[in-house]
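Report on the structure
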Amino acid sequence: MPTVLILLPPSETKAGGGRGAPLDLSRLTFPSLTAIRERLVDALVDVSQDDGAARAALGLSDGQTDELERNRVLRSAPTRPAIEQYTGVLYDALDVRGLTRAQRAKADVRLAVGSALFGVVGAVDPIPAYRLSSGSKLPGLGTLAAQWKPALADALAEADRGLVVDLRSGGYAALGKVPGAVTATVVTERPDGSRAVVSHFNKHHKGLLARALVISRAEPDDAKGVVKVAQKAGLRAELSSPTEVTVVTTG
């Protein structure tokens, strides 16, 4: 039976450190992306040698120069599994460290993370901490969307998986679309019944949805199936369209 693929957004914050060997791009999932990864890693390491140029390219403030050191040592730094490297609100809600061994095995198969630098990585792919976002422009390469199109979309289409649940944010989804993927919108319902798309709880509830899909014994094959899994996990989820799920919070 095909396994559902849950695409997560990355996070600017990273755990850093790790016990894994230095970055080896040939070990990453989706090997068809290796050439682009090589080009972007080289460009990121190069621009990060110059504080001023790097801050401009990466949109960093003067107080974030420590992020540049991570980029400078990209090829020699220790690594950790991607699903443990990314941190923040969504990953706190996902809480992979709180999974049982059997659930973690499912997470390792079902989860992948969008990345400006790597395109997409599997949950267990060993990667170092780095700083690069979807809106960055590396000198001589232009936009990252130009680098990743259409290779990333093609790689995802060829993944030979079942349903894709795309929880990436807009900037990362734009790097490589997945036709037919189920997406999720988080809204807050006010006391008067009106609703508004929210940003504050968005990452948290997407993390909870990802966790529900990871630990479920079900393999949903459409948005209705995703809604059922979410509801069983205690989330208030609704079917908005054949490919969209709405998660409702109160506020």
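This is a predicted model, so every value here is computed, not measured. (Residues numbered from 1 in each chain as written. Predicted model: local features only at pLDDT ≥ 70, side-chain atom pairs only at ≥ 80, totals over all residues. Heavy atoms only, no water.)

The number of helices and strands found in the chain is 11 helices and 12 strands. Its C-alpha atoms give the chain a radius of gyration of 18 Å, near enough to 18 Å, the size a compact globule of 251 residues would have. A buried classification covers 48% of the 251 residues belonging to the chain. Considering only intrachain contacts with a sequence separation of at least 6, the fraction spanning at least 24 residues in the chain is 68%. In the form shown here, the chain has an accessible surface area of approximately 11400 Å², with 51% of it arising from carbon and sulfur atoms. In the chain, which carries 31 positive and 27 negative side-chain charges, the distance between the mean positions of the two groups comes to 5 Å. (Helix = DSSP H or I, 4+ residues; strand = E, 2+ residues; numbered from the N terminus. Rg over C-alpha atoms; globule rule 2.2 N^0.38 Å. Buried < 20%, exposed > 50% of the residue type's maximum accessible area, 1.4 Å probe, protein only. Contact = heavy atoms within 4.5 Å. Areas by Shrake-Rupley, 256 points an atom, 1.4 Å probe, with all protein chains shown as cover. Lys, Arg positive; Asp, Glu negative; His and termini not counted. Charge placed at Lys NZ, Arg CZ, Asp CG, Glu CD.)

Before going further, it helps to spend a moment on the packing of aromatic side chains. Evaluated as defined, the whole model comprises three aromatic pairs. Relative to Tyr91, the ring of Tyr86 lies with its centre 6.0 Å away and its plane at 25°, an arrangement referred to as stacked. Tyr91 shares its class with Tyr86; the two are buried. Between Tyr86 and Tyr130, the ring centres sit 6.4 Å apart and the planes meet at 90°, which makes this aromatic pair edge-to-face. Of the two residues, Tyr86 sits in the loop between helix H4 (82-85) and helix H5 (89-94) while Tyr130 sits in the loop between strand E5 (126-127) and strand E6 (137-138), which places them 44 residues apart along the sequence. (Phe/Tyr/Trp six-rings, centres within 6.5 Å; stacked < 30°, edge-to-face > 60°.)

Running from N to C, helix H6 (residues 101-110) and helix H10 (residues 202-215) point in directions that differ by 110°, and their axes come no closer than 8 Å. One way to sum up the angle between H6 and H10 is to call them roughly perpendicular. The handedness of the crossing between H6 and H10 is right-handed. For the pair H6 and H10, contact is made by Gln103, Lys106, Ala107 and Arg110 and by Leu213, Val214 and Ile215, respectively. Taken together, the residues of the contact of H6 with H10 break down into four nonpolar, one polar and two charged. (Axes fitted to C-alpha atoms, helices over the stretch in contact; angles between N-to-C directions. Parallel < 35°, antiparallel > 145°, perpendicular 65-115°, else oblique. Left-handed = near helix turned anticlockwise from the far one by under 90°. Nonpolar A, V, L, I, M, F, W, Y, C, P; charged D, E, K, R; others polar.)

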